[in-house]
Protein chains: 2
Amino acid sequence: MKISLGARITVGATPVWIVGTYDTAGKPNIMTAAWAGVCCSDPPCVAVSLRKATYSYGSIVQHKAFTVNIPPADYAKEADYVGISSGKDVDKFAKLKFTPIKSDLVNAPYIQEFPLILECKLLHTIEIGLHTQFIGEIKDVKAEESILGENKSLQMEKINQFIFSPGTLSYYKIGDYIGGAFSIGKEFEK
Amino acid sequence: MKISLGARITVGATPVWIVGTYDTAGKPNIMTAAWAGVCCSDPPCVAVSLRKATYSYGSIVQHKAFTVNIPPADYAKEADYVGISSGKDVDKFAKLKFTPIKSDLVNAPYIQEFPLILECKLLHTIEIGLHTQFIGEIKDVKAEESILGENKSLQMEKINQFIFSPGTLSYYKIGDYIGGAFSIGKEFEK
């Protein structure tokens, strides 16, 4: 018997992505986004949703570019701070001793200290309601050698990512390996 | 020193959501979506991206509704199977012995056996490229009592969700609790 919880955001896990932009004066800034995800394979695209009230909103509108910086769990406190502070009031790069690197592909900065980053060019802007969704085409993914295995293959354990639970307002690590995708379900094909 | 991996979908973790629809003949069907996420708080909305080639695509276009069913890790094999098989060829509900329940709010079925489900009404359809993004307004969230604590609060550990890693084509459990959101970052406010 299922119990109604009402029309609200209760989906279990969401990503914790740090979105990098230049503000209208060209100063690097970051914010944390959880209303985000992949939305197309070709062109490869991600979507991040921002409220118009955020400082980063105007930056994306102006520069038509952003980066996605995947925080390792070691930086959970920093990522949380990036989500509760505003670039209007504080230089978050300076405060957290992060190094902004200008992307050579899009007009946005990424965080040097993070091992996995995406450089995105704004493709679509969708007005939904409180949030505006920005769809960005991934122009490149850049990774530290430390999270790569043979043939530049990613090592999920080394990315050491974590997730946000909006239903409980908490963060969790990624845990144990379950199995291969497009593989473990084949037993039902019999 | 960061290494370029090229323009591809390499974001660490994505959700594993099972999307429920009625096909054009009214038969319940499910597919697995990883290009998905929350995209607005008010109205509360989620986005799922589907290729036009999927059997579910026409179902959402016709009925303007879908459910999101959050699979527990115990159902990882079933969720994988739902992603590698097509409703054009097989009745996935019957094959997996899942029970389709018609939503009383939208014209789509959900999986009785899953503890957390969202009932969504199609709000926007965004053509991006290979994938079409469907933005659905959450009309209700329904949960089994078994995953709820006091005052209908969600228990993340009991949802027992898992994630997909597109960069390594594998599934991982959600792991250890890190800390409270909008809380652990406050130490940097000093």
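Please refer to the structure higher up on the page.
All residue numbers refer to position in the chain's written sequence, counted from 1. Ligands are numbered from 1 and chains lettered from A, in the order in which they are written. Totals for whole chains, interfaces and linings use every residue, but because this is a predicted model, local features are given only for residues with pLDDT of at least 70 and side-chain atom pairs only at 80 or more, for both listing and counting. Hydrogens and waters are ignored; side-chain quantities use all the structure's heavy atoms.

Draft legend 1. Inspection of the overall build of chain A at higher detail. Helix and strand counts for chain A come out as four helices and 13 strands. Radius of gyration here is computed from C-alpha atoms only, and the compact-globule reference equals 2.2 Å multiplied by the residue count raised to the power 0.38. Computed over the C-alpha atoms, the radius of gyration of chain A is 17 Å, within 12% of the 16 Å expected from 2.2 N^0.38 for a compact globule of 190 residues. Its C-alpha atoms give chain A principal-axis dimensions of roughly 60 × 50 × 35 Å. Relative accessibility thresholds used throughout: buried, under 20% of the residue-type maximum; exposed, over 50%; partly exposed, between the two (1.4 Å probe, protein chains only). A buried classification covers 61% of the 190 residues belonging to chain A. Here a residue-residue contact requires only that any non-hydrogen atoms of the pair lie within 4.5 Å. The contacts of chain A with a sequence gap of at least 6 include a subset with a gap of at least 24, amounting to 59%. The centroid of the 20 positive side-chain charges in chain A is displaced by 7 Å from the centroid of its 20 negative side-chain charges. Every helix listed is a DSSP run of H or I at least four residues long, and every strand listed is a run of E at least two residues long, numbered separately from the N terminus. The charge count includes Lys and Arg as positive and Asp and Glu as negative, but it does not include His or the ends of the chains. Taken as the charge centre is NZ of Lys, CZ of Arg, CG of Asp or CD of Glu, depending on the residue.

Draft legend 2. Focus on the interface of chain B and chain A. Counting residues at the interface gives 99 residues for chain B, matched by 99 residues for chain A. By convention, the term buried area covers the 1.4 Å-probe accessible surface removed from two parts as they join, with the contributions of both added. Both sides of the chain B and chain A interface together cover about 8,300 Å² of buried area, and 66% of this is carbon and sulfur. We count a salt bridge whenever a side-chain nitrogen from Lys or Arg sits within 4 Å of a carboxyl oxygen from Asp or Glu. The interface formed by chain B and chain A holds four salt bridges in total. Looking at the side of chain B that touches chain A, the element that brings in the most residues is strand β13 (residues 170-180) of chain B, giving eleven residues. Any two strands with at least two DSSP-identified bridges between them are counted as paired. For strand β1 (residues 2-6) of chain A and strand β11 (residues 131-144) of chain B, the ladder comprises four bridges, and the chain directions are antiparallel.

Draft legend 3. Examining the pairing of β13 of chain B more closely. Pairing of strand β13 (residues 170-180) of chain A with β13 of chain B, which is carried by seven bridges, proceeds in the antiparallel orientation. Note that in β13 of chain B the partner of Gly-179 of chain A across the bridge is Tyr-171 of chain B. When strand β12 (residues 162-165) of chain B meets β13 of chain B, the two strands line up antiparallel, connected through four bridges. Within β13 of chain B, the residue paired with Phe-164 of chain B across the bridge is Tyr-171 of chain B. Between β12 of chain B and the antiparallel strand that follows it, β13 of chain B, lie four residues; Leu-169 of chain B among them carries a positive phi value of about 50°.

Draft legend 4. Spatial organisation of the packing of aromatic side chains. Stacked, edge-to-face and tilted are the three classes for Phe, Tyr and Trp ring pairs, Trp counted by its six-membered ring, which pair at centre distances within 6.5 Å; planes under 30 degrees apart are stacked, over 60 edge-to-face, the rest tilted. The full count for this structure, using the stated rule, is 18 aromatic pairs over all chains. Arranged with centres 6.2 Å apart and planes meeting at 90°, the rings of Phe-182 of chain A and Phe-164 of chain B form a pair that is edge-to-face. Of the two residues, Phe-182 of chain A is situated in the segment after β13 and Phe-164 of chain B in strand β12; the pairing between them involves two chains. Aromatic pair Phe-164 of chain B and Tyr-171 of chain B: ring centres 5.8 Å apart, planes at 50°, arrangement tilted. In this structure Phe-164 of chain B comes out as buried when scored by relative accessible area, which is 7%.

Draft legend 5. Main features of the environment of Thr-24 of chain B. Residue and element names in this part refer to chain B. With respect to the element layout, Thr-24 can be found in the loop between β3 (17-22) and β4 (28-33). You can call Thr-24 exposed: its relative accessible area is 56%. Along the backbone, Thr-24 and Lys-186 are 162 residues apart, and their C-alpha atoms lie at a distance of 51 Å.

Draft legend 6. Highlighting helix α2 (residues 76-84) of chain A. Ala-76, Glu-78, Ala-79, Asp-80, Tyr-81 and Val-82 of chain A are the residues of α2 of chain A that are buried. If you follow the buried residues of α2 of chain A, they end up packed against β3 (17-22), β4 (28-33), α3 (92-95), β12 (162-165) and β13 of chain A together with β13 of chain B.

Draft legend 7. Up close: the nonpolar core. Only buried Ala, Val, Leu, Ile, Met, Phe, Trp, Tyr and Cys residues count toward a nonpolar core, and they belong to the same one when joined by side-chain atoms within 4.5 Å. In this structure, Val-46 and Phe-66 of chain A together with Val-46 and Phe-66 of chain B are the most contacted members of the largest nonpolar core, which totals 116 residues. Among the nonpolar cores identified, the runner-up in size contains 14 residues, and Cys-40, Ile-126 and Ile-128 of chain A together with Cys-39 of chain B belong to it.

Read these as geometric descriptors, not functional statements.
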